[in-house]
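So you can see what is in the structure, the chains are spelled out below.
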Amino acid sequence: MFTSKSTSAPKETPDSPAQSKTANSLNIITPAKINWQVDDTGNQVPVSGEFGDVYFSHSDGLAESRYVFLAYNQLPERLANLAPKQCFTIAELGFGTGLNLLATWLLWRQLRETNPQLATARLHFITTEKFPIPIADLTHILTLWAQRAPELTELITPLLAAYPPLIAGSHRLSFFDDNLTVDMWFGDAAESLARLALDTSIKPTPCVDAWFLDGFAPSCNSTLWAENIFAQIQRLSGPNTTAATYSSAGIVKRGLREHGFEISKVKGFGRKNQMLTAVMTETALESSSAVNSQNKPANITQNIPTYSNLKPDHSIVIGAGVSGLLTAWSLANRGIQVTLLDKSAPLAGASGNPRALLAPKMTPIHHVDEHLHTMGYLYSSRLYHVLNETAAQQNTAPILEPTGALDLLIKANIGPKQIADYPDDMATTLSLVQAQDASGLKTQDVSENLYLPQSGLVNPQALKDTILNHPLIHFQQLAVNDISETENDVCVEGYDQNQQVTSITADNVVVCAAFESHQLDQRIFDCRKIRGQLSWFTPTAEQLASLPKIPLKYSGYCTPFTAQVYDGQLNDVTECSPQFLLGASFIRNDTDTGIRQEEHQISRDKLVTAIPEMASVVPTDISGWQGRAGVRTQTPDYHPIVGQLIDSERVWVMSAMGAKGYAIAPLCAEALVDRMLGSFTPLSTAMLARLSPNRTRLHTPLT
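About the criteria used
Counting of residues starts from 1 at the beginning of each chain's written sequence and follows it residue by residue. Side-chain atom pairs in this predicted model are given and counted only at pLDDT of 80 or more, local residue features only at pLDDT of at least 70, and totals for whole chains, interfaces and linings cover all residues. To get the side-chain values, take all heavy atoms of the structure and skip hydrogens and water. We place a 1 Å grid over just the protein atoms. Points where a 1.4 Å probe fits but has no way out form a cavity, open points with protein on both sides within 12 Å along at least 5 of 7 lines form a pocket, and any residue with an atom within 4 Å of a point lines it. Grid points are joined across faces, edges and corners, and a volume is the space filled by probe spheres set on the points. Numbering goes from the N terminus for both helices and strands, where a helix is a DSSP run of H or I of at least four residues and a strand is a run of E of at least two. Just so you know the grouping, Ala, Val, Leu, Ile, Met, Phe, Trp, Tyr, Cys and Pro go in nonpolar, Asp, Glu, Lys and Arg go in charged, and all remaining residues, Gly too, go in polar. Within this scheme, the nonpolar core is defined by two criteria: the residues are buried Ala, Val, Leu, Ile, Met, Phe, Trp, Tyr or Cys, and they are joined through side-chain atoms within 4.5 Å. For every residue, the accessible area obtained with a 1.4 Å probe (protein chains only) is divided by the maximum for its type, and the residue is called buried under 20%, exposed over 50%, and partly exposed between those limits. Residues count as neighbours in contact if any of their non-hydrogen atoms are within 4.5 Å of one another. Pairing between two strands requires that DSSP report at least two bridges joining them. Fitted lines through C-alpha atoms serve as axes, helices being fitted only where they are in contact, and the angles separating the N-to-C directions of these axes extend from 0 to 180 degrees. Note on terminology: angles under 35 degrees are roughly parallel, angles over 145 are roughly antiparallel, angles of 65 to 115 are roughly perpendicular, and the others are oblique. By definition, a salt bridge exists where a carboxyl oxygen of Asp or Glu is found within 4 Å of a side-chain nitrogen of Lys or Arg.

Undergrad: Help me get a handle on the layout of surface pockets, residues and values and all.
TA: Estimated volume of the second largest pocket: approximately 1,100 Å³. Contributing to the lining of the second largest pocket are 47 residues, with Ser 174, Phe 176, Arg 382, Val 386 and Glu 389 lying nearest its centre. For the lining of the second largest pocket, the secondary-structure elements that each account for two or more residues are helix H4 (99-114), helix H6 (153-162), strand E5 (169-175), helix H11 (322-332) and helix H12 (372-393). In terms of residues, the lining of the second largest pocket owes the most to one element, H12, which gives eleven residues. For the lining of the second largest pocket, the per-class residue count stands at 24 nonpolar, 15 polar and eight charged.

Dropping the structure here:
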């Protein structure tokens, strides 16, 4: 692991208001400064260096979480009464040490063990934090908690493993075994809440069921108790939404009361005399234009699904490339039966390369929270690491091979000074010696570089096998030629492998057919079609010793990899042998997928031009090279197409991932399925608008 930046000045620390103001203007997250005190029982407890307030009670922080937030939001009763496939949403102000999440998670686990109907129910935990705790400090804090409360240990380990780098924006953490989704929004709480999409034109419309108001005391941090915070709480709440807080300060009472809540004062935890609990009234919501007043949940102890008639039990996904596979995965993990269709086979198209490089085209940090490629890359990396555990249990090849990647900044949107704004565990600049040592390059001047320590190689074959192993996903070969929608269902018709006409009916359909999506539904934009050919060869031992050791990005990319067992099912590779991959070509308006020698040569020339020392290493005789060509799909604004089609309730689309499918498809699939089921998405309102199939930029056909 490389940790030092050599060509950039060290990062400033947020010791002074001026430095903090500069960081905020650049959209740079300021990590929390942790001080320590001794509590009533002699244990060390963390204290905020910014606000001088404790993160939790000196008496017993875990007991305080259970008393204030779980008991007074009636969570044991409400969660136990969830219906199958129902999602319960909690929103928290102030993630802090994560103790409230851990207490809620443990309760949820215990309830699912004793309530069989919760097997398909889901818990969605949304939390905000302006000053997130660095991973080293959080590990220390939660290690101490594991000693005090051993029952938390099994939860602390996966939480720390999934904890994101400290950059602004939404970070989705998925804990599939527990049907738990956690969205961490790093940045100003009011701004984060305002970004949560609440589109009443799509039914069902999401709302928060319970609020944990756990900011530092109003006397220490008044911004978390300001009017704009309470306005967002009202916007995102529904009838009978509850809220609880340890505070009984006047500013809190007024804020809740003036924004539609009926408040009650109850005995506080420990030595605290009072705390507040509150319930949103229907009257307040009827006067709020941001909330559809027809969406009235049942009594809070019942939580009967409001829109069960619109939530699918069975979905069809057309297209078994990376978009279709990940859409099927997101649907199945919400308890929905999926029929996955493809005219030939899974990964038969552009998604079936031997390996996919997971390494984003980085953007200056002030754009990062709305940069889909970066945020998608972070989510994909977390997802693939989780799936690696599944693959290990199934004794199959790993989905993601962590390698790191070195960008030579030949074709980049960012330079060394801007790289310095990022946390080192996400992006850094290596010294010349470090870069040469990591890459294996000997004479190249790589002093200006971008090193991505979390990058790696995705094995599409392994990903496909893991996803298709899900019991709710059924693959069927079908060349679809018609989609018909009625008020009650959608019917897909096509020819099976025996050329027999086959019809399948479901609750809805998601079209993931890349450049052929437009042929299936004319409302889907007819995208630009770009042929790309990837090339690879089997190097000799002498060549392998001089080839790059990790993935390199230049005007193309190259990487070594070892072909795994079963890789040969998708591509002509020598299984269990080293391979060297490079590419890819970029030919517009060409849908032919035959292998071309001239494009092998183009990829070789591109590599040698960027890294001249490769001229004597990469063979000049390319006649024995292997390759794969696919057709990428691209929109005029380079954003994918994700969402519900206009004038339709049952037809959705996820397409136009370009060359970034393995980085952005997992997060886009999560957003699409969240919209379909009436949950809050990990993407902002603005980002969802940029991805919409009905956005203005797609009204004009390509010429």
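Undergrad: Run through the nonpolar core, naming residues and quoting values.
TA: Membership of the largest hydrophobic core comes to 88 residues, with the highest contact counts inside it found for Leu 75, Leu 79 and Trp 211. Top contributing element to this core by residue count: H4, with nine residues. Once you skip the residues sitting within four places of it in the chain, Leu 75 turns out to touch Phe 69, Leu 70, Ala 80, Phe 88, Ile 90, Thr 104, Leu 107, Leu 111, Ala 210 and Phe 212. Counting residues in hydrophobic clusters, the runner-up holds 82 residues, among them Leu 378, Leu 452, Ala 462 and Cys 668.

Undergrad: Give me the sheet that holds strand E11 (residues 314-318): which residues, what numbers.
TA: If you trace the six strands from one edge of the open sheet to the other, you get E18-E12-E11-E22-E30-E29, paired in mixed fashion. The sheet is open, and its two edges are formed by strand E18 (473-477) and strand E29 (641-644), each paired on a single side. Sheet twist, expressed as the mean angle between neighbouring strand axes with direction ignored, is 20°. Of the strand pairs in this sheet, strand E22 (residues 508-511) and strand E30 (residues 651-655) are connected by three bridges, and their pairing is parallel. Bridging across to E30, Val 509 finds its partner in Val 651.

Undergrad: Give me the lowdown on the packing of H12 against helix H19 (residues 661-677), citing residues and values where you can.
TA: For the pair H12 and H19, the least separation of the axes is 7 Å and the interaxial angle reads 85°. Between H12 and H19, the crossing angle belongs to the class labelled roughly perpendicular. Of H19, the residues touching H12 (which contributes Leu 372, His 373, Met 375, Gly 376, Tyr 377, Tyr 379, Ser 380, Leu 383 and Tyr 384) are Tyr 662, Ala 663, Ile 664, Pro 666, Leu 667, Cys 668 and Glu 670. Partitioned by chemical class, the residues of the contact of H12 with H19 number twelve nonpolar, three polar and one charged.

Undergrad: Before we move on, could you go through the pattern of salt bridges and cite the residues and values that matter?
TA: Evaluated as defined, the whole model comprises 24 salt bridges. Salt-bridge contacts for Arg 172 lead to Asp 183; the nearest nitrogen and oxygen are separated by 2.8 Å. With Arg 172 in strand E5 and Asp 183 in strand E6 (residues 180-186), this residue pair connects regions lying eleven residues apart in the sequence. Comparing Arg 172 with Asp 183 shows no difference in burial state: the two are buried. The partner of Glu 516 in a salt bridge is Lys 343, and the shortest N-O contact between them spans 2.6 Å. On the criterion of sequence distance, the pair formed by Glu 516 in the loop between E22 and helix H16 (517-520) and Lys 343 in the loop between strand E12 (337-342) and strand E13 (356-358) is long-range, its members being 173 residues apart.

Undergrad: Please give an account of the sheet that holds strand E14 (residues 400-402) that cites residues and values.
TA: Whether parallel or antiparallel, the strands of a sheet pair through hydrogen bonds between backbone atoms. Spatial ordering of the open sheet is given by E13-E17-E14, a layout of three strands whose pairing is antiparallel. Looking at the sheet topology across the chains shown, the edges are occupied by E13 and E14. Between one strand axis and the next, the sheet turns through 25° on average, direction left out of account. One ladder, built from three bridges, connects E14 with strand E17 (residues 456-458); its direction is antiparallel. Each residue of the ladder has a partner; that of Pro 402, found in E17, is Gly 456. The sheet strands contacting H12 are E13, E14 and E17, and the helix crosses E14 at an angle near 105°.

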